[in-house]
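Working through the structure, step by step
Residue-level listing of the chains:
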Amino acid sequence: MSVKQKHLMEVDLIKGIAIISVVLVHCLPYNDSFMTLRIFAFSMALLIFMLLMGRNMYASFEKHQYMENGFHTVSYLKNRLIRFLYPFIPIFIISLILGLLLNQDIYLGVYTLVGYLPLPGPGNYFVTVLLQFIIIFPLLYLAYKRYPRLTLIATFVISFLFEVTSSYIGTLNSDAYIYYANILRYLFVITLGLWVLEAFEPNKRIRSTLETVIILIGVAVSVIYLIAFGIFHWEFALFNNFWGTEYPTLGSYVVIASFYPLALYMLAYKILPSASNNRIVKFIAYTGKASYHVFLVQILFFAVFYNPYATISQSGLFDPVISGIISIVVSLAVTLSLGALFYKYEYKIDNLLNRVFRIKKDM
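Just so it is clear, the structure is predicted and the values come from calculations on it, not from any experiment.

This part is about the packing of helix H1 (residues 9-27) against helix H14 (residues 291-304). Where H1 meets H14, the closest approach of the two axes is 10 Å, and the angle between their N-to-C directions is 5 degrees. With respect to H14, the element H1 is oriented roughly parallel. Residues Lys 15, Ile 19, Val 22, Val 23, His 26 and Cys 27 of H1 pack against Ser 291, Val 294, Phe 295, Gln 298 and Phe 302 of H14. Of the residues that constitute the contact of H1 with H14, the class distribution is seven nonpolar, three polar and one charged.

Ranked by size, the top nonpolar core spans 104 residues in total, and within it Met 50, Phe 137, Tyr 186, Trp 195, Tyr 253 and Leu 262 carry the most contacts. Ranked by the residues each element gives to this core, the list is headed by helix H3 (residues 45-64), at 13 residues.

Looking now at the confidence of the model for the chain. Chain-level statistics for the chain give a pLDDT mean of 86 and a share of 87% at 70 or above. Here residues 242-250 scores under 50 on pLDDT; set against residues more than four positions off or in separate chains, the count is 27 contacts. Throughout residues 359-363 the model reports pLDDT below 50, and contacts reaching past four residues in sequence, or to other chains, amount to zero contacts.

The next thing to look at is the packing of aromatic side chains. Applying the stated rule across the entire model yields 29 aromatic pairs. Taken together, Tyr 58, Phe 61, Tyr 76, Phe 133, Phe 137, Tyr 141 and Tyr 144 form an aromatic cluster joined through their ring pairs. One cation-aromatic arrangement involves Lys 204 over Tyr 269; the distance from NZ or CZ to the ring centre is 5.4 Å.

Below, the discussion takes up the side chain of Thr 287. Mapping Thr 287 onto the fold places it in helix H13 (residues 279-289). Setting aside residues up to four positions removed in sequence, Thr 287 forms contacts with Gly 16, Ile 19, Val 294 and Leu 336.

Moving on, we come to the side chain of Ser 331. As for its position among the elements, Ser 331 is in helix H16 (residues 320-362). Reaching out from Ser 331, the side chain makes a polar contact with the backbone oxygen of Ser 327 at a distance of 2.7 Å. Discounting chain neighbours no more than four positions away, the residues touching Ser 331 are Val 23, Cys 27, Phe 301, Phe 302 and Pro 308.

What follows covers a nonpolar patch on the surface. A contiguous nonpolar patch, built from Leu 317, Phe 318, Val 321, Ile 322, Ile 325 and Val 329 and spanning about 570 Å² of accessible area, is present on the exposed surface. Position of Ile 322 among the secondary structure elements: in helix H16. The class for Ile 322 is partly exposed, based on a relative accessible area of 34%.

Even without being a glycine, Asn 103 presents a positive backbone phi close to 60 degrees. Within the secondary structure, Asn 103 is located in the loop between helix H4 (73-101) and helix H5 (125-146). What makes Asn 103 exposed here is its relative accessible area of 69%. The backbone of Lys 204 shows a phi angle near 55 degrees, a positive value even though the residue is not glycine. Residue position: Lys 204 is located in the loop between helix H9 (187-200) and helix H10 (209-231). Looking at Lys 204, the relative accessible area reads 26%, which means it is partly exposed.

Attention now moves to the pattern of salt bridges. Under the criterion given, the structure shown has six salt bridges. Between Glu 10 and Lys 204 there is a salt bridge, with its nearest N and O atoms 3.4 Å apart. Of this pair, Glu 10 sits in helix H1 while Lys 204 sits in the loop between H9 and H10, and the two are 194 residues apart along the sequence. With a closest N to O distance of 3.2 Å, Lys 145 and Glu 62 form a salt bridge. Taken together, the positions of Lys 145 in helix H5 and Glu 62 in helix H3 put the pair 83 residues apart, joining distant regions of the chain. Classification of Lys 145 by relative accessible area gives partly exposed; the value is 34%. One salt-bridge network, held together by shared partners, links Glu 198, Arg 207 and Glu 211.

Thresholds applied
Residues numbered from 1 in each chain as written. Predicted model: local features only at pLDDT ≥ 70, side-chain atom pairs only at ≥ 80, totals over all residues. Heavy atoms only, no water. Axes fitted to C-alpha atoms, helices over the stretch in contact; angles between N-to-C directions. Helix = DSSP H or I, 4+ residues; strand = E, 2+ residues; numbered from the N terminus. Parallel < 35°, antiparallel > 145°, perpendicular 65-115°, else oblique. Contact = heavy atoms within 4.5 Å. Nonpolar A, V, L, I, M, F, W, Y, C, P; charged D, E, K, R; others polar. Core = buried A, V, L, I, M, F, W, Y, C linked by side-chain atoms within 4.5 Å. Buried < 20%, exposed > 50% of the residue type's maximum accessible area, 1.4 Å probe, protein only. pLDDT = per-residue confidence, 0-100. Phe/Tyr/Trp six-rings, centres within 6.5 Å; stacked < 30°, edge-to-face > 60°. Lys NZ or Arg CZ within 6 Å of the ring centre and 35° of its normal. Polar contact = N/O pair within 3.5 Å; in protein donor to acceptor, adjacent residues only side chain to side chain. Patch = residues over 30% accessible without salt bridge, like charges linked within 9 Å, V, L, I, M, F, W, Y side chains within 5 Å. Areas by Shrake-Rupley, 256 points an atom, 1.4 Å probe, with all protein chains shown as cover. Salt bridge = Lys/Arg side-chain N within 4 Å of Asp/Glu carboxyl O.

Below you can see the structure in the form of structure tokens.
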């Protein structure tokens, strides 16, 4: 099926809400008072971004007809890696400088090659997942175009088997980053992003009764699992719970919970405006466009101020509620404003890097 392409404010708004949720996840306390809100709202931002990765890259492939007349691997990788690296390079440099100035432990090693910052912060693993995604997506696109249902089933099985077998793989048990940053964990929800663009968005409704029934069952299972695992801290023998269930964002919930963020995305896509002159709405949409840049900035921010709520509340100057409000306001103000400015003026960094690479090539 051919997918019509146009820029959609709905998608930018969803991205904007999602990146705001990412910041909120990292600036609010991890306790039972906020856990329900986290697990059913803010913590879903990561999975919505994974779904959007599949959705947006599918849209890009359809728009640019990358697979017509043969796939030009070099040009595709060059284009995507530039869009990935040009914002990342200055963040990497700033991360290194901050680590040195603050006398923190600096990481420079094998993981540096896959996007691990010298001074890492919460969510750094998403950068590594994004790099893997760029490399494997052409294969996912081809598989989905030829066998959409089989691809959905296959990616679910792959993600499920990854979770089931991860507790038996020594590397995944000894190093949490390899587990978090492994794209196999998110492969199914990424593929749902391809489905949502092709099967839901054109008419803002699910196209068949069978698919509706499957999604409703999937959402019910996802919600039950999130309640059991994230709120009651029940452990499931099949899944890898070696980090425990106290903080469900660390748990093996992605593949089972995938239908819940899908439902959130479809609901938001259906009700959010496709055009608006409201300043707040336009700001959120712009934040969505700048979401990658905001995400990189918030990694740095929380690497330096890892738990702003704890820092503020432990000062003894404010009660917990006021401390939470200050943490939210400061975190959002800094990360969103700097991220938006970074996005707006990134072209100057791009021009500088283009000159550097050109000089290096000429040499």
